[in-house]
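Per-entry structural report
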Amino acid sequence: MATVTEAQRGSREAADRLVREHDGLVRGVIFGVVGRAQMVDDIAQQVWAQVWQRLPGLKDPRRLRSWLYTVARNAAIDAGQSARRRQGVALDAVAEPVRDGPQVNPARITIGGEVREELLRAIEGLPALYREPFVLRHMEDWSYAEIGELLGLPVETVETRLVRARRQLREALRGKVEHDGSA
Amino acid sequence: MTDPREQLERLISRCLDGEASAEERRDLQRALRRNPSADALFEEYAALDREAGHAIRAAVAAPGIGPVLRRPSIWREAGLALAACVAMLVWLQPLERPSAGGAADASRASWFAPPPTTTDSWTDDARSVERLGVPMADTDREWIVVPGERPGEYLVIEVNRTRTRLLQLRRDF
């Protein structure tokens, strides 16, 4: 909180600390909303410019995290809409699940480099309402309660969305994970 | 009633997220021992989860370097301020009014600039440099964010730009 107050008074060092501490959150929120990793850098820069400009207006420094979330989310939504208009494509498209894959055996699972790339694409292809909590969970290691508080959702809803996100990812990658049979 | 498969997936998800109680973890352990396909499902979800975390962090985060709002050096700030000042002077320079007789009179080349003198124009410009320390009223604040040399680094420049309202124009009539 002292850092926020110092940054509000114009301390560059404090602003620097703020960025260090919260850049992960900002980037996670952006990725969760737009679902395009290559867009994250540009939007994050816009977000930090807005934060720098509007920080003096933040009345309660204890609300920094939810305030940052709102700024980042709005910037990501705007950028996503602009990109959609430019490209004429749905950024929020649902990944097409791959069906009729091989049966899963009880074994340790390894995932190769190419599959990692496909996994990222599958995460990008998740509907935003599943992707947002999923990314926050994995970027920030937040609890259901923390995610729910930030997204304004009941804990049960967060849990359900995470279950569905995992299920969709599994379906999207079915048949592409390897079992080494060592278990 | 919830589908047993869905119940299992929910339990796995809770365990992977560290949200399961001790009793739920024991229940899952028993289910995995009893049912090989449940065990396979758990392994698959665990692997996907682990890799998803790596994939997201690698794709989204600036690798290995914390983001930094770099403090601009005093020389850089002074240079930017000087450039802004010179740009403002150039911008404030009025357009040349076409002469009716065709012969350009040097003393009327500008609507409101003082007649050109024989002194070095650089010394005239230099006077404007004194304005650097003068707080400018009636300005618009803007911020320019320049990406730094490394990913995650930003240079934020605060600019006080004079508003595009020229009182001098009115005095000309």
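Residues numbered from 1 in each chain as written. Chains lettered and ligands numbered in written order. Predicted model: local features only at pLDDT ≥ 70, side-chain atom pairs only at ≥ 80, totals over all residues. Heavy atoms only, no water.

The secondary structure content of chain B amounts to 6 helices and 3 strands. Each helix and strand of chain B, ordered N terminal to C terminal, gives the series α-α-α-β-α-α-β-β-α. Counting only residues that meet the buried cut, chain B has 27% of its 173 residues in that class. In chain B, the proportion of contacts linking residues at least 24 apart, taken out of those at least 6 apart, comes to 50%. Element-wise, carbon and sulfur atoms account for 55% of the exposed surface of chain B, whose accessible area totals about 11900 Å². (Helix = DSSP H or I, 4+ residues; strand = E, 2+ residues; numbered from the N terminus. Buried < 20%, exposed > 50% of the residue type's maximum accessible area, 1.4 Å probe, protein only. Contact = heavy atoms within 4.5 Å. Areas by Shrake-Rupley, 256 points an atom, 1.4 Å probe, with all protein chains shown as cover.)

Looking now at the overall build of chain A. For chain A, the count of helices and strands is 8 helices and 2 strands. Helices and strands in chain A line up, N terminus first, as α-α-α-α-β-α-α-α-α-β. Within chain A, buried positions represent 50% of all 183 residues. If you take every contact in chain A between residues at least 6 apart in sequence, the share linking residues at least 24 apart comes to 72%. Surface summary for chain A: the accessible area is close to 8800 Å², and the carbon and sulfur share equals 45%.

Below, the discussion takes up the pattern of salt bridges. Scanning all chains against the criterion turns up 19 salt bridges over all chains. For the salt bridge of A:Asp16 with A:Arg20, the shortest nitrogen-to-oxygen distance reads 3.4 Å. Of the two residues, A:Asp16 and A:Arg20 both sit in helix 2 (residues 12–34), 4 residues apart, roughly one turn of that helix. By relative accessible area, A:Asp16 is classed as buried at 13%. For A:Arg20, a relative accessible area of 46% translates into the label partly exposed. In this structure, the salt-bridge partner of B:Arg10 is A:Glu159, at a minimum N-O distance of 3.6 Å. With B:Arg10 in helix 1 (residues 4–16) and A:Glu159 in helix 8 (residues 155–172), the pair connects residues from two separate chains. On the basis of relative accessible area, A:Glu159 is assigned to the buried category, the value being 8%. One network of salt bridges, in which partners are shared, links A:Arg137, A:Asp141, A:Arg166, B:Asp17 and B:Asp49. (Salt bridge = Lys/Arg side-chain N within 4 Å of Asp/Glu carboxyl O.)

Among the secondary structure elements, A:Pro56 is positioned in the loop between helix 3 (40–54) and helix 4 (64–87). Along the primary structure A:Pro56 and A:Gly10 are separated by 46 residues, whereas in three dimensions their C-alpha atoms are 8.8 Å apart.

Residue and element names in this part refer to chain B. Packing of helix 2 (residues 22–34) against helix 3 (residues 36–60) brings their axes to within 5 Å, and their N-to-C directions diverge by 120°. The orientation of helix 2 relative to helix 3 falls into the category oblique. Contact residues: helix 2 offers Leu 28, Ala 31, Leu 32 and Arg 34, while helix 3 offers Pro 36, Ala 38, Asp 39 and Phe 42. Of the residues that constitute the contact of helix 2 with helix 3, the class distribution is 6 nonpolar, no polar and 2 charged. (Axes fitted to C-alpha atoms, helices over the stretch in contact; angles between N-to-C directions. Parallel < 35°, antiparallel > 145°, perpendicular 65-115°, else oblique. Nonpolar A, V, L, I, M, F, W, Y, C, P; charged D, E, K, R; others polar.)

The next thing to look at is the environment of A:Glu159. Along the backbone, A:Glu159 and A:Tyr144 are 15 residues apart, and their C-alpha atoms lie at a distance of 6.7 Å. Those residues within four positions of A:Glu159 in sequence are excluded, and the remaining contacts are A:Tyr144, B:Arg10 and B:Arg14.

So, about the packing of aromatic side chains. Scanning all chains against the criterion turns up 0 aromatic pairs over all chains. Here the guanidinium or amino end of A:Arg65 rests over the ring plane of A:Trp142, the centre of that ring lying 4.3 Å away. One residue, A:Arg170, lies across the ring of B:Tyr45, its end atom 5.9 Å from the ring centre. (Phe/Tyr/Trp six-rings, centres within 6.5 Å; stacked < 30°, edge-to-face > 60°. Lys NZ or Arg CZ within 6 Å of the ring centre and 35° of its normal.)

We now examine the confidence of the model for chain B. Per-residue confidence for chain B averages 67 on the pLDDT scale, and 49% of its residues sit at or above 70. Predicted confidence for residues 97–134 of chain B stays below pLDDT 50, and this span has 25 contacts to residues more than four positions away or in other chains. (pLDDT = per-residue confidence, 0-100.)

Moving on to the side chain of A:Asp23. Residues and elements named next belong to chain A. Within the secondary structure layout, Asp 23 lies in helix 2. Owing to a relative accessible area of 3%, Asp 23 belongs among the buried residues under this scheme. In this structure the side chain of Asp 23 is engaged in a polar contact, spanning 2.7 Å, whose partner is the side chain of Trp 48. (Polar contact = N/O pair within 3.5 Å; in protein donor to acceptor, adjacent residues only side chain to side chain.)

A few words now on the confidence of the model for chain A. Summing up the model confidence of chain A, the mean pLDDT is 81 and the portion of residues at 70 or higher is 81%. Counting interchain partners and residues more than four positions distant, the pLDDT-below-50 stretch residues 89–107 of chain A has 45 contacts.

In this section: the packing of helix 8 of chain A against helix 1 of chain B. Put simply, helix 8 of chain A and helix 1 of chain B touch, their axes get as near as 10 Å, and they point 105° apart. Judged on the interaxial angle alone, helix 1 of chain B and helix 8 of chain A are roughly perpendicular. Across from A:Glu156, A:Glu159, A:Thr160, A:Leu162, A:Val163, A:Arg166, A:Arg167 and A:Arg170 in helix 8 of chain A, the residues of helix 1 of chain B making contact are B:Arg5, B:Glu6, B:Glu9, B:Arg10, B:Ser13, B:Arg14 and B:Leu16. Looking at the contact of helix 8 of chain A with helix 1 of chain B, its residues break down into 3 nonpolar, 2 polar and 10 charged.

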